[in-house]
Amino acid sequence: MLDERPFALWRPVKIFDSTNCAYLRHVFEDNGCVVASWAKATVRVNIVDSIKGSFHHYVPGFANEAYELYITRNEVEIRAITQLGVIRAAQTIQQMAEGYTAKAKLEAVNIVDWPAFAVRGLMHDVGRSFIPFDELKREIDLLARFKLSVFHWHLTEHLAWRMEVEKFPQLTQGKYMIRDTAQYYTRLQCRELEAYAAQRGITVIPEIDMPGHSDAFKRAMGMDMQSDEGIDSLKVIIDEVVENFPLAPYIHIGGDEVNIHYPDFLKIMAQYVRSKGKKVLMWNRISAGAPTAEICDMTQMWATAGKAVKGLPNIDCRYN
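The model shown is predicted, which means the values in this text are computed figures rather than measured ones.

**Some thoughts on a nonpolar patch on the surface**
Consideration 1: On the surface, a nonpolar cluster with roughly 290 Å² of combined accessible area is contributed by F55, V112 and W114.
Consideration 2: Within the element layout of this structure, V112 appears in strand β8 (residues 110-113).
Consideration 3: Residue classification places V112 among the partly exposed positions, given a relative accessible area of 34%.

So, in structure tokens, the structure goes:
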């Protein structure tokens, strides 16, 4: 029988968690709890094979998020299939703790929860308008509060190139930018933001748009992406993207809003991304028509023209 008295926060708790979920500990500490081995109140995590009543819509690169949350007066039990499910349970606990004028409590509940969509995200086009790094971290915190799963980081545009490339430092020189000049993210910041987001259950998908939206590349490099030299340079850039985002299952290569005249440009670049152990994401409104499984592993529909490609995961961003 469920003990209907709430679980009081702002007291010592002991946590048994084989996944060592830092976000779970953070939620309790942020709500006045001291983690102590002698505490009477217990938070317990159990990793299980399945959650009865839940459904996992499989998308490559995205883990099962289902969890069960069982709260009584002195115990919080989380059952999850993966650590990501533990993070989602912690985010629900944070939501439950909000709105109190005095010390918060967690109502006695039994919750079974899972997402309807594996990919739930936000894109920032920092190529057009630079966003300070600390602000991005604050926004990651907000995305986590609402259980979003993806931060799509659109790092390059006509106006500016925002990701530091060690081999080509000219890409981030202010004289080649049109807006927010000399503003960019370092390699260390890319890794830091990805790790920060992962701790909160958010996957970062970096985008290096090619061969369109690339005037900043042309200005800095003195070449077109659609050239032998341009392709060689892009492969070096992809090497660094992979190093900067080791956790990213997908690299977004754009492909949109430009006529592609270099033979098999997108196929060449997709094959190279895949050779680095990453999957390929592409806008689903390229000049040649809808992308195919030959050149991408997931499509992103936008505006009004994109149509789902059968056999591939499709992100629906139509009508903004």
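Okay, back to it.
**Topic: the sheet that holds strand β12 (residues 250-254)**
The strands that make up a sheet are held in pairs by hydrogen bonds between backbone atoms, and each pair lies either parallel or antiparallel.
Consideration 1: Ordered in space as β9-β10-β11-β12-β13-β14-β15, the 7 strands form an open sheet in which the pairing is parallel. A single partner strand is all that each edge strand has here, and the edge strands are β9 (121-125) and β15 (314-318). Across the sheet, the mean angle separating the axes of adjacent strands is 20° when strand polarity is ignored.
Consideration 2: Across the face of the sheet, helix α6 (residues 228-244) comes into contact with β11 (203-210) and β12 while running at roughly 170° to β11.

**Overview of helix α7 (residues 265-275)**
Within an α-helix, residues lying three or four positions from one another point in the same direction, as the helix has 3.6 residues per turn.
Consideration 1: The complete set of buried residues in α7 reads F265, L266, M269, A270, Y272 and V273. Angularly, the buried residues of α7 cover 160° about the axis, an arc narrow enough to put them on a single face.
Consideration 2: Contact partners of the buried residues in α7: β11, α6, β12 and β13 (279-283).
Consideration 3: The positive-phi residue at the C-terminal boundary of α7 is G277, with phi of around 85°.

Parameters and conventions
- Residues numbered from 1 in each chain as written.
- Predicted model: local features only at pLDDT ≥ 70, side-chain atom pairs only at ≥ 80, totals over all residues.
- Heavy atoms only, no water.
- Patch = residues over 30% accessible without salt bridge, like charges linked within 9 Å, V, L, I, M, F, W, Y side chains within 5 Å.
- Areas by Shrake-Rupley, 256 points an atom, 1.4 Å probe, with all protein chains shown as cover.
- Salt bridge = Lys/Arg side-chain N within 4 Å of Asp/Glu carboxyl O.
- Helix = DSSP H or I, 4+ residues; strand = E, 2+ residues; numbered from the N terminus.
- Buried < 20%, exposed > 50% of the residue type's maximum accessible area, 1.4 Å probe, protein only.
- Pairing = 2+ DSSP bridges.
- Axes fitted to C-alpha atoms, helices over the stretch in contact; angles between N-to-C directions.
- Contact = heavy atoms within 4.5 Å.
- Arc of directions from axis to C-beta.

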